[in-house]
Amino acid sequence: MIMMQGKGVSQGVVSGKLYFLQRKDATIVKGENCDLGAEQARLDAAKETAIEQLEALAEKTREESGDEAAMLFETHAMFVDDEDFVECIQNVLEEEQCTAEYAVQTAGRQFADMFAAMDDAYMQARSADILDVSKRLVNNLLGIVEGGIDSDEPVILAADDLPPSETVQLDKSKILGFATQGGSASSHTAILARTMGIPAICGLGDALKPEYSGRLAYMDGETGAIYLDPDELTLLAFRDKSEKQQQMKELLETMKGQEDVTLDGKHVNVYCNIGSPDDVGAVLANDGQGIGLFRSEFLYLASEDYPTEEEQFLAYKEVAAAMNGKRVIIRTLDIGADKQVDYFNLNKEENPALGTRAIRICLNRPEVFRTQLRALYRASAYGKVAIMFPMITSVWEVKECRRACQAVMKELTDEGIPFNPDTEIGIMIETPASVFMADELAKLVDFFSVGTNDLTQYILACDRQCNDLGKFFDPHHPAVLRALKAATDAAHNNGIWIGICGELGADLDMLPTFLAIGIDELSVTPKAVLPLRNALRKCIAATCTLDLLEC
Ligand code: PEP
Ligand code: MG
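(A) Inspection of the pattern of salt bridges at higher detail. Under the definition given, this model contains 31 salt bridges. The salt bridge partner of Arg357 is Asp454, with a shortest N-O separation of 3.2 Å. Linking Arg357 in the loop between strand S11 (327–331) and helix H12 (359–364) with Asp454 in helix H17 (residues 452–460), this pair joins segments that are 97 residues apart in sequence. For Arg357, a relative accessible area of 2% gives the class buried. The class of Asp454 is buried, set by a relative accessible area of 2%. Measuring nitrogen to oxygen at the nearest pair gives 2.9 Å for the salt bridge that ties Asp414 to Lys410. Residue Asp414 and its partner Lys410 are both found in helix H14 (residues 395–415); the two are separated by 4 residues, about one turn of the helix. Here Asp414 and Lys410 have matching classes, each one exposed. One continuous salt-bridge network, built from bridges that share partners, spans Glu309, Glu310, Glu367, Arg370, Arg374, Arg378, Glu411 and Glu415.

Dropping the structure here:
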């Protein structure tokens, strides 16, 4: 038996075959005096395959998401045969007497640079398309099959690391658990795993080896341990834990339909965090009373180009309608830092967590912001939608956001499109500046929601992506809790409510402190709703203290 110890970031015990995700990076050789006839034939075959692949993708997308989404792949197929692009590849091939893959890569880069330099934002975005098409051609030329899980049975997916953009594209039905060499509990991949209710362990380091692929593993997402080919004793312990997991599940079932209230009558809204309309099923199954955070950026991460207003509207409308009058707080896109999207063409930054991310991108790119706000307001006609802005630091930012909302509402009114003019507007409290300015900010919005993941990162100057900061990254630090208290006082003094949508909200040990602080809402992953309700219903709010705010 081999035991590997990492950090458990999403609870649950599972067993299955380990599958190490192999990423194959293309090594492109230029070649010299190549046989141009042979290279041309390879290129023609690669193009033909690419067109077949893209047509199949367009078909699948049309069935799943409609004509507009399918158009992306049809456009890519047109690029493969684009006269100018093909001529450029041909020229490189002839001038350099090189391999077909080298010619494709060179021509692709030239075209991408040309698009990126254009003034029009739409044309700039085509730069990512041409790079995507070139990559597909190169992969076909070199016989590379990208990503995906090539297994008939569900597996424990192992990898060096899993960026969110890759995680959202994986086939969830094939994943029993995640195990990664890198990563941290506050990374978005860990958050995604919790939202999907899939056990996950990160920070396994070199102990997790690609050669373990195919071997039977037992993993415990709570303790962070993975056992390969477990011995009898370990198997017994696992069976015991699985049974307890099952018993707990049965106990929690009895919590469904119960009120989110303490023994002495203090009501706290228990809402859910989601990343896509697909997660609403889990919210309803776990009896979540609303959605406290819909991370809308995952729509952008799962897409190969800017999602259109219509695509976004349909996604938001689906969630709002499914929640049937319960509050649905949709956060405007929070791209940047660890959530990178190629087609946004963001500049490389030394410290992306302190760079152009979230609301800063929206305020810098009014067209992107307007499209999302139009979709959000349109969806507000179909349920109780609220809009929330992330990474706020300044009063002027909120004023500018509100102006953008006013402009969109005027457009929709002029166009005769229905929306709810009283749509609630909130902001995330996740920067120290927003805590210090909370008194002023509270006058401009309907609610606050504290992002404890980023708030901890920025208050304690600890990178949330970094796995080895250990005890230095501490969301329970009195500084974080005092910030929570200060923001709560500011909210209540100005007559608005405040919630927590960061991961700390699901920490049952912190519940008495949240009650003492006066938190009105906790938004957690769907799986955490019933344990939280169970704990809440055993608390007496009047006896809760602020002890943890002391050193
Ligand atoms: C947070 O920062 O706590 C939060 C909820 O937002 P995200 O994790 O998406 O940055
Ligand atoms: Mg955040």
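There's plenty left to go through after this.
(B) Layout of the sheet that holds strand S4 (residues 155–159). Spatial ordering of the open sheet is given by S1-S8-S7-S3-S4-S5-S6-S2, a layout of 8 strands whose pairing is mixed. At either margin of the open sheet sits one strand with a lone partner, and together these are strand S1 (2–5) and strand S2 (7–10). The mean inter-strand angle of the sheet, taken between neighbouring strand axes irrespective of direction, is 30 degrees. Contacting S2, strand S5 (175–180) and strand S6 (200–202), helix H7 (residues 188–196) runs over the sheet at an angle of about 50 degrees to S2.

(C) Up close: the pairing of strand S14 (residues 447–450). Judged by which residues are buried, S14 turns out to be covered on both faces: Phe447 and Ser449 on one side and Phe448 and Val450 on the other are all buried. Both strand S13 (residues 424–429) and S14 contribute to a ladder of 4 bridges, which runs parallel. In the sheet register, Gly426 faces S14, and the bridge partner there is Phe447. Strand direction decides the pairing type here: S14 and strand S15 (residues 497–500), joined by 4 bridges, are parallel. Its bridge partner being in S15, Phe447 is matched across the sheet by Trp497.

(D) Representation of the nonpolar core in the model. In this structure, Phe389 and Phe448 are the most contacted members of the largest nonpolar core, which totals 93 residues. The leading source of residues in this core is helix H13 (residues 366–379), at 7 residues. Apart from residues lying up to four places away in sequence, Phe448 is in contact with Ile427, Ile429, Ala438, Leu441, Ala442, Ala487, Ala491, Ile496, Trp497, Ile498 and Gly499. Ala58, Phe79, Cys88 and Leu137 belong to the second-largest nonpolar core, a separate cluster that totals 29 residues.

(E) Structural context of the coordination of the magnesium ion (ligand 2). With distances of 2.1 Å, the protein atoms coordinating the magnesium ion (ligand 2) are Glu430 (OE) and Asp454 (OD). Taken as a pair, Glu430 in the loop between S13 and helix H15 (432–436) and Asp454 in helix H17 lie far apart in primary sequence, 24 residues in all. With respect to class, Glu430 is no different from Asp454; both count as buried.

(F) View of the packing of aromatic side chains. Tallied over the entire structure, the rule returns 13 aromatic pairs. When the centroid spacing of 6.3 Å and the interplanar angle of 75 degrees are considered together, the rings of Phe79 and Phe115 count as edge-to-face. One end of the pair, Phe79, is in helix H2 (residues 67–80); the other, Phe115, is in helix H4 (residues 100–116), and 36 residues separate them in sequence. Accessibility classification places Phe79 together with Phe115 in one group, the buried group. An aromatic cluster is present here, built from Tyr300, Tyr306, Tyr343 and Phe344 joined pairwise through their rings. Over the ring of Tyr382 we find Lys317, and its NZ or CZ is 4.7 Å from the ring centre.

(G) View of a negative patch on the surface. A cluster of acidic residues, Asp44, Glu48, Glu52 and Glu55, forms a negative patch at the surface. Along the chain, Glu55 turns up in helix H1 (residues 36–65).

(H) Quick look at the packing of helix H3 (residues 83–96) against H4. Relative orientation of the contacting elements H3 and H4 amounts to 130 degrees, with a least axis distance of 8 Å. As far as their axial angle goes, H4 and H3 are oblique. For the pair H3 and H4, the sense of crossing is right-handed. For the pair H3 and H4, contact is made by Asp84, Phe85, Cys88, Ile89, Val92 and Leu93 and by Ala100, Ala103, Val104, Thr106, Ala107, Gly108, Gln110 and Phe111, respectively. Taken together, the residues of the contact of H3 with H4 sort by class into 10 nonpolar, 3 polar and 1 charged.

(I) Summary view of the site of ligand 1. Lining the immediate environment of ligand 1, one finds 17 residues, of which Arg295, Arg331, Gly451, Asn453 and Arg464 sit closest. Note that an oxygen atom of ligand 1 is positioned 2.9 Å from one of the side-chain N or O atoms of Asp454. Contact distances for ligand 1 include 2.8 Å between an oxygen atom and a side-chain N or O atom of Arg464. Considering ligand 1 on its own, with 290 Å² of exposed area, one finds that the protein chains cover 100% of that surface. Residue contributions to the shell around ligand 1 peak at 3 residues, all from H17.

(J) Examining the sheet that holds S14 more closely. With parallel pairing, the 8 strands of this closed barrel are ordered in space as S9-S10-S11-S12-S13-S14-S15-S16. Sheet twist, expressed as the mean angle between neighbouring strand axes with direction ignored, is 30 degrees. In the packing of helix H20 (residues 529–536) onto the sheet, the strands contacted are strand S9 (269–274) and strand S16 (521–524), and the crossing angle to S9 comes to about 160 degrees.

(K) Summary view of the side chain of Arg378. Within the secondary structure, Arg378 is located in helix H13. For Arg378, the contacting residues outside a window of four places in its chain are Glu309, Glu310, Phe313, Leu412, Ile417 and Pro418.

(L) Region of interest: the environment of Lys485. You can see Lys485 is positioned in helix H18 (residues 478–493). Sequence separation of Lys485 and Leu549 is 64 residues, and the distance between their C-alpha atoms is 8.9 Å. Setting aside residues up to four positions removed in sequence, Lys485 forms contacts with Ile517, Leu546 and Leu549.

About the cut-offs
Residues numbered from 1 in each chain as written. Chains lettered and ligands numbered in written order. Predicted model: local features only at pLDDT ≥ 70, side-chain atom pairs only at ≥ 80, totals over all residues. Heavy atoms only, no water. Salt bridge = Lys/Arg side-chain N within 4 Å of Asp/Glu carboxyl O. Helix = DSSP H or I, 4+ residues; strand = E, 2+ residues; numbered from the N terminus. Buried < 20%, exposed > 50% of the residue type's maximum accessible area, 1.4 Å probe, protein only. Pairing = 2+ DSSP bridges. Axes fitted to C-alpha atoms, helices over the stretch in contact; angles between N-to-C directions. Contact = heavy atoms within 4.5 Å. Core = buried A, V, L, I, M, F, W, Y, C linked by side-chain atoms within 4.5 Å. Donors = N, O, S within 2.8 Å, 3.2 Å for Na, K, Ca; no water. Phe/Tyr/Trp six-rings, centres within 6.5 Å; stacked < 30°, edge-to-face > 60°. Lys NZ or Arg CZ within 6 Å of the ring centre and 35° of its normal. Patch = residues over 30% accessible without salt bridge, like charges linked within 9 Å, V, L, I, M, F, W, Y side chains within 5 Å. Areas by Shrake-Rupley, 256 points an atom, 1.4 Å probe, with all protein chains shown as cover. Lys, Arg positive; Asp, Glu negative; His and termini not counted. Charge placed at Lys NZ, Arg CZ, Asp CG, Glu CD. Parallel < 35°, antiparallel > 145°, perpendicular 65-115°, else oblique. Left-handed = near helix turned anticlockwise from the far one by under 90°. Nonpolar A, V, L, I, M, F, W, Y, C, P; charged D, E, K, R; others polar. Near = heavy atom within 4 Å. Polar contact = N/O pair within 3.5 Å; in protein donor to acceptor, adjacent residues only side chain to side chain.

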